[in-house]
Amino acid sequence: MVQELLRSIDRRQSAGWRDYAILYLMAHYGPRPCEVVALRLDSVDWQAKTLRVEQRKTRSVLLLPLADRTLRVIKRYLYAGRPGSTRADLFLRARSPSGPLKHTAVCDLYRSRVERSGLALQGTSAYCLRHSFAMRLLERGVGIKAIGDVLGHRGLESTCVYLRLQLDALRDVALPVPQAEAV
């Protein structure tokens, strides 16, 4: 469904490229809306192919490796979707006056894109992209601690909230319990 939502975004308009890039990053890297709007042009290291995300809740910095496809999405947004501006913010409002987005704008654009897509995602929020990202990591065998680190969670309990409905998947990645030897 996430991929269908992304495909449904009309990128003939600059706002479409901006919305696509924002939702793409959230779906493939798991940042919070407030972390996405805090990204700056220099958050992308084109040479090292990394994205520097300042995680708001933990006040830590996460350095994420960027796939070539992600670099192309960001580059395309910069050329086709970002208004001309000297501002350092990566994502700007599509309408004048040019300026940074608020995290609530990300939630609003998500709802708008869901409505336009016609997909059965009504009643969901932009945070479902983080949940979906976490679930994909879990399904690929990534440990809960590593998932929590990428999501910027302080405690295991927060990560478990994202994974709460996937008990079977959790069982698959659980470490075996050592057997006690009979004496």
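Quick note: structure is the one above.
Summarised in this report is the structure supplied together with it. (Residues numbered from 1 in each chain as written. Predicted model: local features only at pLDDT ≥ 70, side-chain atom pairs only at ≥ 80, totals over all residues. Heavy atoms only, no water.)

For the rest of this paragraph, the subject is the pairing of strand β3 (residues 60-65). Two elements, strand β2 (residues 50-55) and β3, share six bridges in a ladder whose sense is antiparallel. Across the sheet, Val53 pairs through a bridge with Leu62, a residue of β3. Linkage of β2 to β3, two consecutive antiparallel strands, is achieved through a turn of four residues, within which Arg59 is found at a positive phi near 55 degrees. (Pairing = 2+ DSSP bridges. Helix = DSSP H or I, 4+ residues; strand = E, 2+ residues; numbered from the N terminus.)

The three strands lie next to each other as β1-β2-β3, forming an open sheet whose pairing is antiparallel. Looking at which strands have only one partner, the edges of the open sheet turn out to be β1 (44-45) and β3.

Below, the discussion takes up the environment of Tyr110. Along the chain, Tyr110 turns up in helix α5 (residues 103-117). Judged by its relative accessible area of 0%, Tyr110 falls in the buried class. Filtering out sequence-adjacent residues up to four positions away, Tyr110 remains in contact with Leu5, Leu23, Leu121, Thr124, Ser125, Ala126, Cys128 and Leu129. (Buried < 20%, exposed > 50% of the residue type's maximum accessible area, 1.4 Å probe, protein only. Contact = heavy atoms within 4.5 Å.)

On to the packing of aromatic side chains, then. As enumerated under the stated definition, the model contains three aromatic pairs in all. Centroid distance Trp17 to Tyr20: 5.8 Å. Interplanar angle 80 degrees. Geometry classified as edge-to-face. Placement of both Trp17 and Tyr20 in helix α2 (residues 14-29) is noted, with a separation of three residues, approximately one turn of the helix. Summarising the burial analysis for this pair, Trp17 and Tyr20 share the class buried. Both rings, one in Tyr20 and one in Tyr24, keep their centres 5.9 Å apart while their planes meet at 35 degrees; by these two values the pair is tilted. Highlighted residues: Tyr20 and Tyr24, both in helix α2, separated by four residues, approximately one helical turn. With respect to class, Tyr20 is no different from Tyr24; both count as buried. Three or more aromatic residues link up through ring pairs in this structure, and these residues are Trp17, Tyr20 and Tyr24. (Phe/Tyr/Trp six-rings, centres within 6.5 Å; stacked < 30°, edge-to-face > 60°.)

Attention now moves to the packing of α2 against α5. Helix-helix packing is characterised by the crossing angle of the two axes and by the distance between the axes. Direction vectors running N to C along α2 and α5 enclose 105 degrees, while the axes themselves pass 11 Å from each other. Judged by the inter-axis angle, α2 sits roughly perpendicular to α5. Seen from α2, the contacting residues are Ala15, Gly16, Arg18, Asp19, Ile22, Leu23 and Met26; seen from α5, they are Val106, Leu109, Tyr110 and Arg113. The residue inventory of the contact of α2 with α5, partitioned by class, reads seven nonpolar, one polar and three charged. (Axes fitted to C-alpha atoms, helices over the stretch in contact; angles between N-to-C directions. Parallel < 35°, antiparallel > 145°, perpendicular 65-115°, else oblique. Nonpolar A, V, L, I, M, F, W, Y, C, P; charged D, E, K, R; others polar.)

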